[in-house]
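Close look at the chain arrangement
If you want the building blocks of each chain, they are given just below.
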Amino acid sequence: MDLLSFDAVAETVVWAVLDDALDPVTVGVSGAWGSGKTTVLRLVEDRLAPQAPGGDTNVLVISTDPWRYDPGVGVKETLIGEVLSAVAAELAKAEKPGQVRSRARAVLATLRKRVDWAKALQVAAKTSLTLQLPSVDDLTSLINTDAAGQEADSAEPLTRGLEEFRGEFRTLMESPELTHLRRVVVLVDDLDRCLPETVVDTLETIRLFLAVPKMAFVVAADERRVADALRVRFPTPGGGLGTGEADAEEPASLYLHKIVQTTVPLPTLSRFDTEAFLVLLQLSQRLPADELASYIAQCVQLRRTTGVLDDLADAVVGGDISTELAFASRMTPILHEKLQGSPRRIKRFLNDLRVRQSVAAHRGIALEADIVAKLMVLEKLLDHSFATILEWLARGELRARMTKLEAAAGRPTTQAPVSEEAPSTEGGPDPAPEPAEGEPLAFEDDLLRWAKLPPGAGRRRSGPLPLSGGGVLRQAASRRRAARPAAGHRGRPAVDGPLRPAPGDRRRHHRARRGRRPETGGIPRPGGPGPPGRTERGRARPGAHRHCLSGRHRPGRPAAAIHPHR
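The following paragraphs examine the structure supplied in this document. The model shown is predicted, which means the values in this text are computed figures rather than measured ones. (Residues numbered from 1 in each chain as written. Predicted model: local features only at pLDDT ≥ 70, side-chain atom pairs only at ≥ 80, totals over all residues. Heavy atoms only, no water.)

**Quick word on the sheet that holds strand 1 (residues 25-30)**
Sheet architecture is open: 5 strands sit in the order 2-3-4-1-5, paired in parallel fashion. Sheet topology places strand 2 (58-64) and strand 5 (262-265) at the edges, where each strand pairs with a single neighbour. For this sheet, the mean inter-axis angle between neighbouring strands, taken without regard to orientation, is 20 degrees. Note: strand 3 (residues 181-188) against strand 4 (residues 215-220), 5 bridges, orientation parallel. Along strand 4, the bridge assignment pairs Val184 with Met215. The strands that helix 1 (residues 7-18) touches are strand 1, strand 2, strand 3, strand 4 and strand 5; relative to strand 1, the one it contacts most, it runs at about 165 degrees. (Pairing = 2+ DSSP bridges. Helix = DSSP H or I, 4+ residues; strand = E, 2+ residues; numbered from the N terminus. Axes fitted to C-alpha atoms, helices over the stretch in contact; angles between N-to-C directions. Contact = heavy atoms within 4.5 Å.)

**Notes on helix 14 (residues 369-381)**
Under the 1.5 Å per step criterion, the end-to-end length of helix 14 is 17 Å for 13 residues, consistent within 8% with the ideal 18 Å. Taken together, the buried positions of helix 14 are Asp370, Ile371, Val372, Ala373, Lys374, Leu375, Met376, Val377, Leu378, Glu379 and Leu381. (Expected span 1.5 Å × (residues − 1). Buried < 20%, exposed > 50% of the residue type's maximum accessible area, 1.4 Å probe, protein only.)

**Quick notes on the nonpolar core**
Counting 78 residues, the largest nonpolar core has Leu48, Leu309, Leu312, Val377 and Trp450 as the members making the most contacts within it. Apart from the residues within four sequence positions on either side, Leu312 is in contact with Val279, Tyr295, Gln298, Cys299, Leu302, Ile321 and Leu325. Counting 47 residues, the second-largest nonpolar core is a separate cluster that includes Leu172, Leu181, Val219 and Ile259. (Core = buried A, V, L, I, M, F, W, Y, C linked by side-chain atoms within 4.5 Å.)

**Some details on unusual backbone geometry**
If a residue is not glycine, its phi is most likely negative; likewise, a peptide bond is most likely trans. In this chain, Asp23 is followed by Pro24 through a cis amide linkage whose omega measures -10 degrees. Cis geometry is found at the peptide bond from Pro454 to Pro455, where omega equals 0 degrees. Positive phi, close to 60 degrees, is recorded for Ser5, a residue that is not glycine. Looking at the element boundaries, Ser5 is found in the segment before helix 1. Overall, Ser5 belongs to the buried group, its relative accessible area being 19%. The backbone of Asp190 sits at a positive phi, close to 60 degrees, despite the residue not being glycine. With respect to the helices and strands, Asp190 occurs in the loop between strand 3 and helix 7 (196-208).

**A short note on the packing of aromatic side chains**
For the coordinates displayed, the defined rule picks out 3 aromatic pairs. Ring geometry for Trp392 against Phe443: centres 5.9 Å apart, planes inclined by 75 degrees, an arrangement best described as edge-to-face. Taken together, the positions of Trp392 in helix 15 (residues 383-395) and Phe443 in the loop between helix 16 (398-408) and helix 17 (445-451) put the pair 51 residues apart, joining distant regions of the chain. Phe443 carries the same exposure label as Trp392, and that label is buried. A cation over a ring is seen here: Arg193 above Trp67, with NZ or CZ 5.6 Å from the ring centre. Looking at Lys374, its charged tip hangs above the ring of Trp450, at a distance of 5.0 Å from the centre. (Phe/Tyr/Trp six-rings, centres within 6.5 Å; stacked < 30°, edge-to-face > 60°. Lys NZ or Arg CZ within 6 Å of the ring centre and 35° of its normal.)

**Digging into the pairing of strand 4**
In terms of residue burial, strand 4 counts as a mostly covered element, since 6 of its 6 residues are buried. Examined bridge by bridge, strand 1 and strand 4 share 5 bridges and lie parallel to one another. Note on strand 4: the bridge partner recorded for Gly28 is Val219. Considered for its hand, the β-α-β crossover made up of strand 3, helix 7 and strand 4 is right-handed. (Right-handed = clockwise from strand over helix to strand, strands pointing away.)

In short, the description is geometric, and any link to function would need to be established separately.
What follows is the structure, encoded as structure tokens:
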């Protein structure tokens, strides 16, 4: 289904490939990675394939992806083989049972034989470079299983190569058996992900071998990346400097525009399109196809009329989509800005949200989508602000800073209940002093904007993940430390576990764990036992670690502190 409303782009491409004035033609669909190019190709295929089934004219659609080609076989041979296989299947449909072998079948067999020889040259070149025997798959791919492909009485020598391919392919397309074909449309996807050699070979195949009447290509790729790949083969003279022509087009672009006659750019999602996409993605997870189609049609209508989604709920009588509408309304402004209207990145954001909810559900924790989404915005889209909040957490100032941030953002704050307090620091470092009441705090614009996102930190929630408690932020900090290697002694991480306190706090912490107070100079607390093997003043008891009684033990310091074996 078309959740992006790219039907206008698809209709434009269909019009171009069926225009007799442009025959043959190569149409480009240009857009950045994740902009929806594959979606447009699927829409084009849906509109072309059902045309006049069983009638006098038809359109043969062939989908190919050079990114998935076998590197052991040439790109040209693979692309030509896919086209010939599709034409052979169409020819078999047109032939009647018991019909005498046609001239078109003989030409097709000759073309296939040329491709088989080209594959043999590719395999031979690969084995000579790698000094390895060809694999079984490589050898079997060279065998022409169509034994009747060549006429028995044919005395014409078989040319080993592809030089005469264009003329023979033109003869095949003009044969009476294929007069019902109006167009053969080849949809090429992911060309901008290929290596420069694959990009050049694919475009060369389009230009040299398949540019005959009734042939059309639709190439979905980022035009800038394709041009970058072509620069490897067609570099700019002088590196683009000192040419003396400021407006002169570089050779890579000239070559690309010679093959691709026209390009249809994909529009970036507007704010309305982003909000509608968020709503439809959520609805696609719980609604059947017929109800979802009603909401899609209503979005198209609202885009042309009001430009807002207020009346989207009226698309289906009795349907309740208030939750989806509220979530999309809250998240659209920041997602549209930070994700730059990329459909793939928006979809991935929602996928990550569902994954985190699923993991929590398997642990018996119910997470509210709006809370998790707000934290994901902070972690994934606002890196600098996220680092600032982690710094507050490390200093023990998270609650006080968050309260002031909420106040600066214009949100009412309430004191969190005891159950939502941050994890206890008993046995850990003393918390850093909170900022004074009169201390002015200046917050970044992104941080203030994030704080305005609902829900607020002071809202009481059922669950173990309060925003002001720091639990989620501690988990996120752990994920960040795990994502990057930390320098440490002998390969150990520099920070193991939670953030370490300052040296002074750590010293007080160790003294408290030994049941001693710093101000007493090593005297145990009342009623508390002293360290094993030591007296009240820190002297060694008789019989305690006699093998190391060297007199180096200082009062107030246990033996384990200077003797690793203890």
